[in-house]
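Architecture and fold: a report
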Amino acid sequence: MIGRFAFAFVLLLLAAGISGAQQTLRVTGVVENFDGRVLAIRSDKLGEVKVSLAANATVFGVAEAELADVKPGSYIGVGAIPQPDGSQRAIQVTILAESQRGLSEGHRPWDARPNSTMTNGTVDQTVGSVDGQVVMIKYKDGEKKIVVPPDAIIRAYVVGDKSELKPGARIAIVRALKRSDGALEADRVNVGRGEVVPQ
């Protein structure tokens, strides 16, 4: 009898864990309004969206950069396509702010394009080649050879603030938390600077 009760209790715990699981989603679009707490966004994919920002939410400006800004010691994120020789051909290179060092470090699939990867790590060295600049990235579990062709997009994150969340600003929230009641929350917002559209 005790065994049955214990088994039933475990099932209840599992059910509670499943029902309590929270979803995350990517939100991109244009700011319509920000009252200091709730960000109203017009999104091409999601329509009209409202996201509550945490009191300690961080804002990063996303600005245009150049390959020359990618230097040994820089902490970067690279969206790329794997090549037959084991290297990665960069689609986009993002130079992360110093406060983001260590963020999502490693190599994994990237959801922006089919069969693409994302590598976050520290630049070990850069060398010119026929196909483009070659950047060696080291991370805690290994390293990757990244070929950066001339058409790769280069961006840089810079520390910003909530005053940039003005109507018309282009923003991206990489991980908005969807609560059980459907409301969205976030603790970080990326804002495009100039003509940059953050992804």
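Relevant structure appears above.
In this report, the structure presented in the accompanying data block is examined. (Residues numbered from 1 in each chain as written. Predicted model: local features only at pLDDT ≥ 70, side-chain atom pairs only at ≥ 80, totals over all residues. Heavy atoms only, no water.)

Secondary structure summary: the protein chain contains one helix and 12 strands in total. Taken from the N to the C terminus, the helices and strands of the protein chain come in the order α-β-β-β-β-β-β-β-β-β-β-β-β. Each of the 199 residues in the protein chain was classed as buried or not, and the buried ones make up 39%. Total accessible area on the protein chain stands at roughly 11700 Å², and carbon and sulfur atoms take up 53% of it. (Helix = DSSP H or I, 4+ residues; strand = E, 2+ residues; numbered from the N terminus. Buried < 20%, exposed > 50% of the residue type's maximum accessible area, 1.4 Å probe, protein only. Areas by Shrake-Rupley, 256 points an atom, 1.4 Å probe, with all protein chains shown as cover.)

One can find Ile146 in strand β9 (residues 142–148). The spatial distance from the C-alpha of Ile146 to the C-alpha of Ser87 is 5.9 Å, given a sequence separation of 59 residues. Setting aside residues no more than four positions away along its own chain, Ile146 makes contact with Val78, Gln88, Ala90, Gln133, Val134, Val135 and Ile137. (Contact = heavy atoms within 4.5 Å.)

Before going further, it helps to spend a moment on the pattern of salt bridges. One side chain can pair with another of opposite charge once the charged atoms of both are near each other. Enumeration over the complete set of coordinates arrives at six salt bridges. For Arg42, the salt bridge goes to Glu32, with nearest N and O atoms at 3.3 Å. With Arg42 in strand β2 (residues 38–43) and Glu32 in strand β1 (residues 23–34), this residue pair connects regions lying 10 residues apart in the sequence. Ionic pairing is found between Asp181 and Arg179, a salt bridge with its closest N-O pair at 2.9 Å. On the basis of relative accessible area, Asp181 is assigned to the exposed category, the value being 55%. Through salt bridges that share partners, Arg179, Asp181 and Glu185 make up one connected network. (Salt bridge = Lys/Arg side-chain N within 4 Å of Asp/Glu carboxyl O.)

With respect to the secondary-structure elements, Ser74 resides in the loop between β3 (47–64) and β4 (75–82). A relative accessible area of 14% places Ser74 in the buried class. Taking the C-alpha atoms as reference points, Ser74 and Arg101, separated by 27 residues in sequence, lie 8.8 Å from one another. Setting aside residues no more than four positions away along its own chain, Ser74 makes contact with Asp69, Arg101, Gly121, Thr122 and Val123.

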